[in-house]
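In case you want the letters, here they are:
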Amino acid sequence: MPLPQAAGFSTVHTFGAMVSPLISTQFARLQHWSFVYLTHLGLLIVTVVMQVITFKFQNQEQCAKEIGQPPPDNGSDSLLLRYKRVFRLRVVHLMALFAFIYVGIEVSIGSWIVTYVIKLRNGGPNSGYIPSGLFGGLMIGRVALLPFSKLVGERRVIFVYILLVMALEFVVWFVRSQVGDALAVAFIGFFLGPLFPIMTNHAGGILPPDLISGGVGWIASWGAAGTAVWPFVVGAIASRSVLRPCNVVSLTAVLFVTWACVPRSRQKIQG
């Protein structure tokens, strides 16, 4: 999938993430705050209905035929054999680790910043709106930074964005200002935004064509796993002490090193 389309899909996703804190903060002020789960249930039902209407329980070949595309060439390999080939590719596991850590940074900042501002910056109830700034930055960055990403180069620009994110994390760490922290978090989201679409686009460019579907699926599954694991980790740390920005900075540094290990081109992959 071309980068603009990938960024477009991700932008819609982050729009939902931006709106979510605005809604949940209102529920948090109600006596029956648990009613927020009824909203979750309603949105889930809408999602299921939209999936059924869109795909009509069709398989990949049928969907490709419906939009006028040739069916995917899976060759003579069985599904099990293709996934064995996917798992033998070191780059797939590197990108899966990248996705896992990326989600860790996103979730850690989004869930931790409210507690951090309330406890260390004497923030009030309105601190719950700060994650909306993070996800709003993610949404805008995925579209606004597309021209700059193409100008610098998709692989090189990720290093630039990660360094900018680290610099802004230091701002949150050392600048004792609620407004300053909120602005820094929004710009962290702005520069984090393009990372995931660029990574998946790069995966499609360097993986063998017949393994792109399985490889990107494996990578995305580790990103989804991160959404389950990292809230637990952040909550466990926060229950004993305040999660410090140094923890998030360390994660970002690991993200930088991981991306440096990802090959530049398909020719450099050794399965």
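See the structure printed just above.
Residues numbered from 1 in each chain as written. Predicted model: local features only at pLDDT ≥ 70, side-chain atom pairs only at ≥ 80, totals over all residues. Heavy atoms only, no water.

Here's the deal with the packing of aromatic side chains
How we decide: Aromatic contacts are taken between Phe, Tyr and Trp rings whose centres are within 6.5 Å, Trp giving its six-membered ring; a plane angle under 30 degrees counts as stacked, one over 60 as edge-to-face, and the others as tilted. A run of H or I in DSSP becomes a helix once it reaches four residues, and a run of E becomes a strand once it reaches two; helices and strands are each numbered from the N terminus.
Summed over all chains, the structure comprises 16 aromatic pairs. Ring centres of Phe 170 and Trp 173 lie 5.7 Å apart, and the angle between their planes is 10 degrees; on these two criteria the pair is classed as stacked. One end of the pair, Phe 170, and the other, Trp 173, are both in helix 8 (residues 154-174), 3 residues apart, so they sit about a helical turn from each other. An aromatic cluster is defined as three or more aromatic residues linked by ring pairs; in this entry it consists of Tyr 83, Phe 87, Phe 100, Trp 218, Trp 222 and Trp 230.

Side note on helix 10 (residues 195-206)
The condition is simple: Take the number of residues in a helix, subtract one, and multiply by 1.5 Å to get its expected span. To sort residues, take the accessible area from a 1.4 Å probe on protein chains only and compare it with the maximum for the residue type: under 20% means buried, over 50% means exposed, and anything in between is partly exposed.
For helix 10, built from 12 residues, the straight-helix expectation of 16 Å at 1.5 Å per residue is met to within 8% by its first-to-last C-alpha distance of 16 Å. Restricting attention to buried positions, one finds in helix 10 the residues Leu 195, Phe 196, Pro 197, Ile 198, Met 199, Asn 201, His 202, Ala 203 and Ile 206.

A word on empty space enclosed by the protein
For the record, the criterion: The definitions used throughout rest on a 1 Å grid laid over the protein atoms alone, on which a cavity is an enclosed set of points accommodating a 1.4 Å probe that cannot get out and a pocket is an open set flanked by protein within 12 Å on both sides along at least five of seven lines; lining residues are those having an atom within 4 Å of a point. Grid points are joined across faces, edges and corners, and a volume is the space filled by probe spheres set on the points.
Going through the model one piece at a time under the given rule, you end up with 1 cavity of 30 Å³ or more. By volume, the largest cavity is sized at about 40 Å³. Lining the largest cavity, in full, are Ile 109, Trp 112, Glu 169, Val 172, Val 185, Ile 188, Pro 245 and Val 248. For the lining of the largest cavity, the secondary structure elements donating two or more residues are helix 5 (90-120), helix 8, helix 9 (178-192) and helix 12 (245-260).

Some remarks on helix 2 (residues 36-55)
With 20 residues, helix 2 ought to run about 28 Å at 1.5 Å a step, and its terminal C-alpha atoms sit 29 Å apart, in line with that. Just beyond helix 2, the residue with positive phi is Lys 56, at close to 55 degrees.

Details of the packing of helix 5 against helix 12
What counts is decided by this rule: Throughout, an axis means a line fitted to C-alpha atoms (over the contacting stretch in the case of helices), and angles, computed between N-to-C directions, take values from 0 to 180 degrees. An angle below 35 degrees is treated as roughly parallel, one above 145 as roughly antiparallel, one from 65 to 115 as roughly perpendicular, and anything else as oblique. Crossings are assigned a handedness: left-handed for a near helix turned anticlockwise from the far helix by less than a right angle, right-handed for a clockwise turn. The contact criterion used is simple: two residues touch if any of their non-hydrogen atoms lie within 4.5 Å. When residue character is reported, Ala, Val, Leu, Ile, Met, Phe, Trp, Tyr, Cys and Pro are called nonpolar, Asp, Glu, Lys and Arg charged, and the others, Gly included, polar.
Between helix 5 and helix 12, whose axes approach to 10 Å, the crossing angle comes to 160 degrees. Comparing the axis directions of helix 5 and helix 12 gives the class roughly antiparallel. Crossing handedness for the pair helix 5 and helix 12: left-handed. Contacts between helix 5 and helix 12 involve Leu 94, Met 95, Leu 97, Phe 98, Ile 101, Tyr 102, Gly 104, Ile 105, Ser 108, Ile 109, Trp 112 and Tyr 116 on the former and, on the latter, Pro 245, Val 248, Leu 251, Thr 252, Val 254, Leu 255, Thr 258 and Trp 259. Class assignment of the residues belonging to the contact of helix 5 with helix 12 gives a composition of 16 nonpolar, 4 polar and no charged.

With respect to the pattern of salt bridges
Oppositely charged side chains may form a pair once their charged atoms are brought near each other. We apply this condition: Only one rule defines a salt bridge in this text: a Lys or Arg side-chain nitrogen within 4 Å of an Asp or Glu carboxyl oxygen.
Within the structure shown, the criterion is met by 1 salt bridge. We note a salt bridge from Arg 121 to Asp 181, for which the minimum N-O separation is 2.9 Å. Of this pair, Arg 121 sits in the loop between helix 5 and helix 6 (130-144) while Asp 181 is found in helix 9, placing the two residues 60 residues apart along the sequence. The burial state of Arg 121 is the same as that of Asp 181; both residues are buried.

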